[in-house]
Amino acid sequence: MNLTSKLIAAHLLSGEMIPGSEISIRIDQTLTQDSTGTMAYLQFEAIGVKRVKTKRSVAYIDHNTLQTGFENADDHKYIQTVTKKHGIWCSKPGNGICHQVNLERFGVPGDSLLGSDSHTPSAGGIGMLAIGAGGLDVAVAMGGGPFYLPMPKVVNVRLTGKLPKYVAAKDIILEILRRLTVKGGVGKVMEYSGEGLKYLSVPERATIANMGAELGATTSVFPSDEVTREFLRAQKRESDFKPLSADEGAQYDETIDIDLSALVPLVAKPHMPDVVDTVEGAGKIKVDQVCIGSCTNSSYLDMMRVASILRGKKIAENVSLVIAPGSKQVLHMLASNGALADMIAAGARIEESACGFCIGMGQSPCTNAVSLRTSNRNFYARSGTKSAGIYLVSCETAAASAIAGVLTDPRTLSADMSVEIPEYFDVDDSLVIKPADPDTEGEIEVVRGPNIKPFPAAKPLADSLTGETLIKMEDNITTDHIMPSNAKLLPYRSNIPYLADFCLNPVDETFSVRAKEKNGGFIVAGQNYGQGSSREHAALAPLYLGIKAVIAKSFARIHMANLINNGILPLTFKNQEDYDAIAQGDELIMENARGQIAGESDEMTVRDITANREIKVILTLSERQKKILLAGGLLNFTREENQ
Ligand code: MIC
Ligand code: SF4
């Protein structure tokens, strides 16, 4: 057996492990962050379970830390009190980015982890079966419910050789994105193997697993080996170690070979993580901003390498360099050993340990800027500046370019890069709030500021769905297009009526006004609709606007689940001609929608009244998913089941 199958088998609750068929698994740990967490906890409260039933559930506050008004701070208060009451740990703002802190303090090899953040698979770097999902799925898992997913295929990524100096883990995953594209991992788990593994530390493995999300993969998995034991020992929790690996001669659905020694520094150019070129080939592009940090590249090792490159140097005049170490642990260690002083002396602007620039929470670059970032997503408009181009690179390339002022291949440097995992990390969990004891939890008052609004409730599916094709879009529309996030909008993650006004704004600023005028309708899109973030808001805002169905050429996994969970039909075109023929503004009708959903066939019919055409669509559903859609979403369904 391969390792992925072993991990799934160890958690399997229902279904057969045949690729594509629905399985359900037991969830040991959950993770939420604040921008999806407020909604997830409102949903958890609505389910009505008093205390979480997982081994451990942790809420992190790391996204909405720019407190320009009362909204974010109110959300923090709500999360801190609701978690304390219901048996959940809470990592306060300042403690770090969820995936970095999880790796350091809570990740346990062999455990399953469900997180309301698409980069939850970072924990695959420490041998967890770690999956990203919408907030409602995480709320159900906290209540002890199973998590359902299509059984993935397993890809063996065989690593041989050793990375050359200045070539980083980031370059490995950029190489995979170059080969496979942002659709290449859909329905698959990337499982890493080979003798090249022994040279990759846990944080480097996590960098690779982190950006498996950009491949669209269900998750990525690394074995748990001596490197893992060493990392856990240095985090003073060796007792969490468990060796895990694939069996000798294990079977895989696909295999990819990567010779690490042949890799070179790579860059993903605007506006997709798979538009990959070599740094050398991209040329000496003049740079306005360099941002180092995010859950992809903010570990102690990353930061020490950056400090080594910056030591004794000054950044170029035309560059603004921003550095956000991933956690309090990392920042404190840099402060203690002098590396922080090297960064500051070079001219870096040090940001708090949080998502920050990665999610457009500040540091939007100037008009037409070239911004080099070590994060994982360079989607259009995500930085907060629509005209800016974001280039994704390794820490080494970022630091070298900050000094030179132009995109620079770090292999031209001569810094000492021999950074090792320390004997012991600086362990201090004082910013993690413990849950209340069961006998005192009744005394805890959950504080709800005025920004916390009820979420839109889906109604049971109507008999017939009618409406206009409100918008027709291309391939690869991301959840950043559907529900943009930036410093102005993130504070409203618990206020769907407000957010809905910005739905699909980067594609068409008139969308939400038109949707409201027409009382909702249909969305039409190309392939891989809803890739990227796990934000359920990309389903909740359309739900609020009255969207009944999305008809696309294909969907990204998490978004498809979010649509179903919120009672919106994710229909796939059977024939390409129908996508071509349908026009924005066409009146559509799906007659006998309840009957079609409940029926045996996964082929259904929608009529384009304007074009007088019949559109064949596919919706393959398990019996459970049918019930969810008929009930008008997972929350209604869960309540019905609990009665
Ligand atoms: C992201 O990187 O896009 C986020 C912000 O972390 C999201 C979650 C969110 O939208 O709140 C994610 O990746 O799931
Ligand atoms: Fe935060 Fe960016 Fe990572 Fe999302 S991708 S969790 S916003 S650091």
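Please refer to the structure placed before this passage.
Draft legend 1. Structural view of the site of ligand 1. The environment of ligand 1 is made up of 14 residues, and the closest members are Ser-35, Asp-117, Ser-118, Ser-534 and Arg-535. A distance of 2.4 Å separates an oxygen atom of ligand 1 from a polar atom in the side chain of Ser-35. Arg-377 has a polar side-chain atom sitting 2.9 Å from an oxygen atom of ligand 1. The protein chains hide 96% of the 330 Å² of surface that ligand 1 would expose on its own. For the shell around ligand 1, the per-class residue count stands at 1 nonpolar, 8 polar and 5 charged.

Draft legend 2. View of the pattern of salt bridges. One pass over the full model with this rule turns up 35 salt bridges. Between Asp-247 and Lys-6 there is a salt bridge, with its nearest N and O atoms 2.7 Å apart. Linking Asp-247 in the loop between α8 (226-234) and β12 (254-259) with Lys-6 in helix α1 (residues 3-11), this pair joins segments that are 241 residues apart in sequence. The exposure class assigned to Asp-247 is partly exposed, which follows from its relative accessible area of 36%. According to the relative accessible area criterion, Lys-6 is partly exposed, its value standing at 27%. Residue Lys-269 is joined to Asp-277 by a salt bridge in which the shortest nitrogen-to-oxygen separation is 3.1 Å. If you follow the salt bridges from partner to partner, you end up with Glu-175, Arg-178 and Arg-179 in one network.

Draft legend 3. Seen up close, the site of ligand 2. Taken together, His-63, His-99, Asp-117, His-119, Ser-294, Cys-295, Cys-355, Cys-358, Ile-359, Asn-376 and Arg-382 make up all the residues around ligand 2. Its residues assigned to classes, the shell around ligand 2 comprises 4 nonpolar, 5 polar and 2 charged.

Draft legend 4. Main features of the nonpolar core. In this structure, Phe-511 and Tyr-529 are the most contacted members of the largest nonpolar core, which totals 100 residues. The contacts of Tyr-529, once residues within four sequence positions are left out, are Met-473, Ile-477, Ile-482, Ile-523, Val-550, Ala-552, Ser-554, Phe-555, Ala-556 and His-559. By size, the runner-up hydrophobic cluster in this structure holds 60 residues, among which are Cys-98, Tyr-166, Ala-206 and Met-303.

Parameters and conventions
- In every chain, residue numbers begin from 1 and rise along the written sequence.
- Here the convention is simple: chains get letters from A, ligands get numbers from 1, in the order in which they are written.
- Per-residue local features of the predicted model are confined to residues with pLDDT of at least 70, and side-chain atom pairs are confined, for both listing and counting, to 80 or more; whole-chain, interface and lining totals are unaffected and use all residues.
- Heavy atoms throughout the structure, all of them, feed into the side-chain values; hydrogens and water do not.
- Only a single heavy atom is needed: when it lies within 4 Å of a molecule or strand, its residue is near that molecule or strand.
- Polar contact is the term for a pair of N or O atoms within 3.5 Å; when the atoms are in protein, one must be able to donate a hydrogen and the other to accept it, and sequence-neighboring residues count only if both atoms are side-chain atoms.
- The accessible surface values rely on the Shrake-Rupley method and a 1.4 Å probe; as for residues, cover is taken only from the protein chains in view.
- Gly falls in the polar group here, along with every residue not listed as nonpolar (Ala, Val, Leu, Ile, Met, Phe, Trp, Tyr, Cys, Pro) or charged (Asp, Glu, Lys, Arg).
- Each salt bridge in this description consists of a side-chain nitrogen of Lys or Arg and a carboxyl oxygen of Asp or Glu lying within 4 Å of one another.
- Counting from the N terminus, the helices are the DSSP runs of H or I reaching at least four residues and the strands are the DSSP runs of E reaching at least two.
- When accessible area is computed with a 1.4 Å probe and restricted to protein chains, residues below 20% of their type maximum are described as buried, those above 50% as exposed, and intermediate ones as partly exposed.
- In these notes, a set of buried Ala, Val, Leu, Ile, Met, Phe, Trp, Tyr and Cys residues joined through side-chain atoms within 4.5 Å is what counts as a nonpolar core.
- In this description, contact between two residues means that some pair of their heavy atoms is separated by no more than 4.5 Å.

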